[in-house]
Amino acid sequence: MQKLLAELAPAGPDYELARAIDPTRLPAHIAIIMDGNGRWAKNRHLPRVSGHRAGVQAVRTTVETSAQLGIEALTLYAFSMENWKRPRAEVETLWRLLRHYLGAELPTMMKHGIRFSAIGRVDALPAMVRGELDEVIRRTEHNDGLRLNLAINYGGRAEIVDAVKALLEDVRAGQAEIDEAAISARLYTAGMPDPDLLIRTSGEMRVSNFLLWQIAYAELYVTHTLWPDFTRAELLEAILDYQRRDRRFGGLGSPVPSGDAWMEPAGVRVR
Ligand code: FPP
């Protein structure tokens with residue numbers, strides 16, 4: 001948080017927004033469905049790929065601001081398993097942009113101590129993208145700042161299928177039991193907190209097969225802003241909006257006096 005305030009000019013437009021954020025109640029994990037690149041381009045009579053190109057700047061700003069705020073994890077939905085249905089030229093442009101982004105942003109990742117991961121069925125990606133991904137994963141693996149996950153060739157149901165297959169193997173070997181923690185520990189996001197805040201741009205009210213298991217209790221923030229227009233100010237607004245929410249996790253919001261919560265199962269803390 002201090003890092004962000006130090007970066008912003010006190011008279012600048014984002015400074016007051018950043019100062020209004022309670023640093024003790026930041027979302028530990030923010031997930032974003034970056035949507036609307038195509039519409040952004042269409043509104044300007046440009047080819048769709050121009051929207052993706054413009055979207056890269058919004059990725060940069062979001063990643064850097066999250067690192068400066070002290071967010072623990074940020075997961076960005078870059079390419080879904082369904083996105084292969086798009087024209088080949090568009091898909092290839094996305095790979096080129098991704099490769100260029102990874103190469104160009106490595107110094108920024110090192111500067112902010114960002115640890116990069118790719119989540120999804122990445123083995124199916126073109127070799128040139130996999131090579132660059134592996135390189136950035138390797139170079140950043142000892143960083144201990146923001147965990148940046150890029151969801152690429154990602155599907156939420158496929159992720160659960162992969163986790164269940166891995167769990168069944170361990171169960172058969174007598175090394176695991178089937179419960180929620182055992183599934184969470186075999187997801188691509190194992191070891192990270194579940195997202196507290198899920199942001200979707202472009203106004204669509206869908207979760208689009210994104211982090212289906214992990215967003216069980218996430219707060220949703222949907223904005224009509226198209227992804228290339230998503231600014232630092234809007235990220236800060238989304239966090240402020242999140243901090244105004246009353247998160248109940250199925251309970252009543254305010255803490256339940258002990259003994260008042262009936263049928264509290266053993267080992268389950270009523271919040
Ligand atoms: C959705 O917009 C966006 C995508 C499918 C890709 C996201 C890619 C980027 C932001 C750029 C490259 C990413 C990185 C990490 C360098 P859409 O095309 O579905 O928009 P539309 O719904 O308006 O058509």
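Residues numbered from 1 in each chain as written. Predicted model: local features only at pLDDT ≥ 70, side-chain atom pairs only at ≥ 80, totals over all residues. Heavy atoms only, no water.

Chemist: What's the story with unusual backbone geometry in this structure? I'm lost.
Modeler: What is expected of a backbone is that most residues other than glycine have negative phi and most peptide bonds are trans. With a phi angle near 55°, H45 is a residue other than glycine that sits in the positive phi range. Examined against the element boundaries, H45 turns out to sit in the loop between α3 (37-43) and α4 (48-69). Residues other than glycine seldom take positive phi values, yet S208 does so here, at roughly 45°. Structurally, S208 can be placed in the loop between β5 (197-200) and β6 (219-222). (Helix = DSSP H or I, 4+ residues; strand = E, 2+ residues; numbered from the N terminus.)

Chemist: How should I be thinking about the packing of aromatic side chains in this particular structure?
Modeler: For any pair of aromatic rings, the description consists of the separation of the ring centres together with the inter-plane angle of the planes. Tallying each qualifying case throughout the model produces 9 aromatic pairs. Measuring from ring centre to ring centre gives 4.6 Å for F79 and W95, while their planes differ by 45°; the resulting arrangement is tilted. With F79 in strand β2 (residues 73-80) and W95 in helix α5 (residues 88-112), this pair connects stretches of sequence that are 16 residues apart. Across the pair, exposure class does not vary: F79 and W95 are buried alike. Here the aromatic rings of Y154 and F210 are separated by 5.8 Å at their centres, their planes lie at 85°, and the arrangement is edge-to-face. A residue pair is termed long-range when its members are at least 10 positions apart, and Y154 in strand β4 (residues 147-154) and F210 in the loop between β5 and β6 qualify at 56 residues. One aromatic cluster in this structure is built from Y77, Y154, Y188 and F210. (Phe/Tyr/Trp six-rings, centres within 6.5 Å; stacked < 30°, edge-to-face > 60°. Buried < 20%, exposed > 50% of the residue type's maximum accessible area, 1.4 Å probe, protein only.)

Chemist: Whenever I open this one, a nonpolar patch on the surface confuses me. Can you help?
Modeler: Together, V164, L168 and I178 give the surface a local cluster of nonpolar side chains, amounting to about 240 Å² of exposed area. With respect to the secondary-structure elements, I178 resides in the loop between α7 (156-172) and α8 (180-184). Residue I178 is classed as exposed on the basis of its relative accessible area of 60%. (Patch = residues over 30% accessible without salt bridge, like charges linked within 9 Å, V, L, I, M, F, W, Y side chains within 5 Å. Areas by Shrake-Rupley, 256 points an atom, 1.4 Å probe, with all protein chains shown as cover. Salt bridge = Lys/Arg side-chain N within 4 Å of Asp/Glu carboxyl O.)

Chemist: Looking at this structure, how should I read the side chain of D14?
Modeler: Inspection of the secondary structure assignment puts D14 in helix α2 (residues 13-20). At 2.8 Å, the side chain of D14 and the side chain of R232 are in polar contact. Filtering out sequence-adjacent residues up to four positions away, D14 remains in contact with L8, R232, A233 and L236. (Polar contact = N/O pair within 3.5 Å; in protein donor to acceptor, adjacent residues only side chain to side chain. Contact = heavy atoms within 4.5 Å.)

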